[in-house]
Amino acid sequence: MNYTNKQPINKQPLNTQHINKQNREGNSCKDKAEGLCVRKSEYYAMLRSELEKHSDENVDITFREVRKNNGVCKNACTIRFNDAQVAPTIYLEPYYDHYLHGEAVSESAENIINYCRKKTPGTTFPDNFFYSYDSVRNRLGIKLIGTEANRGFLKGVPHVDLEDLSAVFYYLMEDPAFGNGMIIVKNTDIKRWGKNEQELYREVLENCAQMLPPVLRPLSEVLEVVCPETDGNLYLLTNETGLFGAAVILYPGMLQEISRKIGGPYFILPSSVHELILLPDSGEEAEDLLSIVTEINHTQVAEEEILTDAVYKYVPGDDAFTKEA
């Protein structure tokens, strides 16, 4: 079983503007350190060879393509030590960028091995723990994704559609070594658990409110700035971890509670899958807000973290939000 978590590369951000975009996407690139001309596929083959040299016989190394949110595909590897039950997923593009800037393949391999040794969970799980709903129910969470951009992915997972959004389910793992990781719940899982999507949705939302409490703060407190156009009336909604916090808007009673706190109807602007921006309705045009959301999504948000290009609204007395633009 593999898990995904956000692993640091322990490097300073690179200025890659001078690297030709086509080179980064797989065309030939000049390697400053070794004078080699390599494509990504060639680099990954070299990296795998070096990883095997740095590993012992009890290590299982797997290279694969991981499909992320919005159809984004990432090259990744997993390194499993001594038949460990779970192993971290390592995304390889950052290491390729470091290679282009002179880092030897052997150095990258050593960094990856050392990272995986530190981040392989010490937590153990009972055999077939994911087969029992009672074993996982207290660690199940929900994340919101855009429906249209993820139709292929949604075919294989249970989900509940809301406007042009879909709520999907995951198992949240916590371990002192690696922090948070997750396992996506699939159609085969809920069939084995004897659950349907609506039943699971209700139960998991109740659990989420306890496991991942909501956080609602004025955006000015988060950014330490005030936006003159809104008189500082923007709010940020997420959860305590900041991971997939946009789903907080689905918590039971959350729409109504927010309305009471900020004083009436409000717009919901999808900042990313991790948070939402809320704006009290003061007569703004939804189309104007949509242009802002769209521009930010496509200039400042990583593609796999975009929620939707849309604007939603909640009006007190309603049971749900509606799409306005």
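Not measured: the values here are computed from a predicted model.

**A short note on the overall build of the protein chain**
Then step 1. For the protein chain, the count of helices and strands is 11 helices and 16 strands.
Then step 2. Counting all 325 residues of the protein chain, 47% fall into the buried class.
Then step 3. Here the contacts in the protein chain between residues at least 6 apart in sequence split such that 63% fall between residues at least 24 apart.
Then step 4. Approximately 16,400 Å² of the protein chain is accessible, and the part contributed by carbon and sulfur atoms is 45%.

**Here we look at helix H3 (residues 93-100)**
Then step 1. In terms of burial, H3 is a largely internal element, 6 of the 8 residues being buried.
Then step 2. What H3 keeps buried is the set Glu-93, Tyr-95, Tyr-96, His-98, Tyr-99 and Leu-100.
Then step 3. In the stretch just after H3, Gly-102 is the one whose phi turns positive, near 110°.

**Considering the packing of aromatic side chains**
Then step 1. For the structure shown, the criterion picks out 10 aromatic pairs.
Then step 2. Their ring planes at 45° and their centres at 5.6 Å tell us that Tyr-266 and Tyr-314 sit as a pair that is tilted. Taken together, the residues span a long stretch of sequence, with Tyr-266 in strand E13 (residues 266-272) and Tyr-314 in strand E15 (residues 312-314) at a distance of 48 residues.
Then step 3. Residue classification places Tyr-266 among the buried residues on the basis of a relative accessible area of 0%.
Then step 4. Looking at Tyr-314, the relative accessible area reads 1%, which means it is buried.
Then step 5. Over the ring of Tyr-131 we find Arg-192; its NZ or CZ atom is 4.0 Å from the centre of that ring.

**Overview of the pattern of salt bridges**
Then step 1. For the structure on display, the rule yields 13 salt bridges.
Then step 2. A salt bridge links Glu-199 to Lys-195; its shortest N-O distance comes to 3.2 Å.
Then step 3. Given the relative accessible area of 24%, Glu-199 is considered partly exposed.
Then step 4. Three or more residues are tied together by salt bridges with common partners; here these are Asp-134, Arg-137, Lys-195, Glu-199 and Glu-203.

**Focus on the pairing of E13**
Then step 1. The buried fraction of E13 amounts to 6 of the 7 residues, a majority that puts the element mostly inside the structure.
Then step 2. By the bridge criterion, 3 bridges tie E13 to E15 in an arrangement that is antiparallel. If you follow Ile-268 over to E15, its bridge partner there is Tyr-312.

**Some points on the side chain of Asp-164**
Then step 1. Checked against the element boundaries, Asp-164 lands in the loop between strand E8 (159-162) and strand E9 (165-175).
Then step 2. A distance of 3.1 Å separates the side chain of Asp-164 from the side chain of Lys-323, its partner in a polar contact.
Then step 3. The contacts of Asp-164, once residues within four sequence positions are left out, are Gly-146, Thr-147, Thr-308, Ala-310, Tyr-312 and Lys-323.

**Looking at unusual backbone geometry**
Then step 1. The backbone of Asn-70 sits at a positive phi, close to 65°, despite the residue not being glycine.
Then step 2. Look at Glu-163: it is not a glycine, yet its phi comes out positive at around 55°.
Then step 3. Topologically, Glu-163 is positioned in the loop between E8 and E9.

**With respect to the sheet that holds E13**
Then step 1. With antiparallel pairing, 6 strands are arranged side by side in an open sheet as E11-E12-E14-E13-E15-E16. What marks the edges here is a single partner per strand, and that holds for strand E11 (214-218) and strand E16 (322-323).
Then step 2. Bridge count between strand E12 (residues 235-239) and strand E14 (residues 275-280): 3 bridges; the pairing is antiparallel. Along E14, the bridge assignment pairs Tyr-235 with Leu-278.
Then step 3. Strands in contact with helix H10 (residues 254-262) are E11, E12, E13, E14 and E15; relative to E13, the strand with the most contacts, it is inclined by about 115°.

Conventions we followed
Within any chain, residue numbers begin from 1 and follow the written order of that chain's sequence. Reporting in this predicted model follows two pLDDT cut-offs: at least 70 for local features of residues, and 80 or more for side-chain atom pairs to be given and counted; totals over whole chains, interfaces and linings ignore these cut-offs and use all residues. Hydrogens and water molecules were not included; the side-chain quantities draw on all heavy atoms of the structure. Segments assigned H or I by DSSP are reported as helices when at least four residues long, segments assigned E as strands when at least two residues long, and all are numbered from the N terminus. We call a residue buried when its accessible area falls under 20% of the maximum for its residue type, exposed when it is over 50%, and partly exposed in between, using a 1.4 Å probe and counting protein chains only. Only heavy atoms matter for contacts: two residues are in contact if any of them lie within 4.5 Å across the pair. Shrake-Rupley sampling with a 1.4 Å probe provides the accessible areas, and residues are treated as covered by the protein chains on show and by no other component. Working definition: rings of Phe, Tyr and Trp (its six-membered ring) pair if their centres are within 6.5 Å, and the pair is stacked with planes under 30 degrees apart, edge-to-face with planes over 60 apart, and tilted otherwise. Geometrically, a lysine NZ or arginine CZ counts as sitting over a ring once it is within 6 Å of the ring centre and also within 35 degrees of the ring normal. We define a salt bridge as a side-chain nitrogen of Lys or Arg found within 4 Å of a carboxyl oxygen belonging to Asp or Glu. Being paired, for any two strands, means DSSP has found at least two bridges between them. Polar contact is defined as a pair of N or O atoms within 3.5 Å, subject to the rule that within protein one atom must be able to donate a hydrogen and the other to accept it, and that residues adjacent in sequence are counted only when both atoms are side-chain atoms. An axis is simply a line fitted to the C-alpha atoms; with a helix, the fit covers only the stretch in contact. Between two such axes, the angle follows the N-to-C directions and lies from 0 to 180 degrees.

In short, the description is geometric, and any link to function would need to be established separately.
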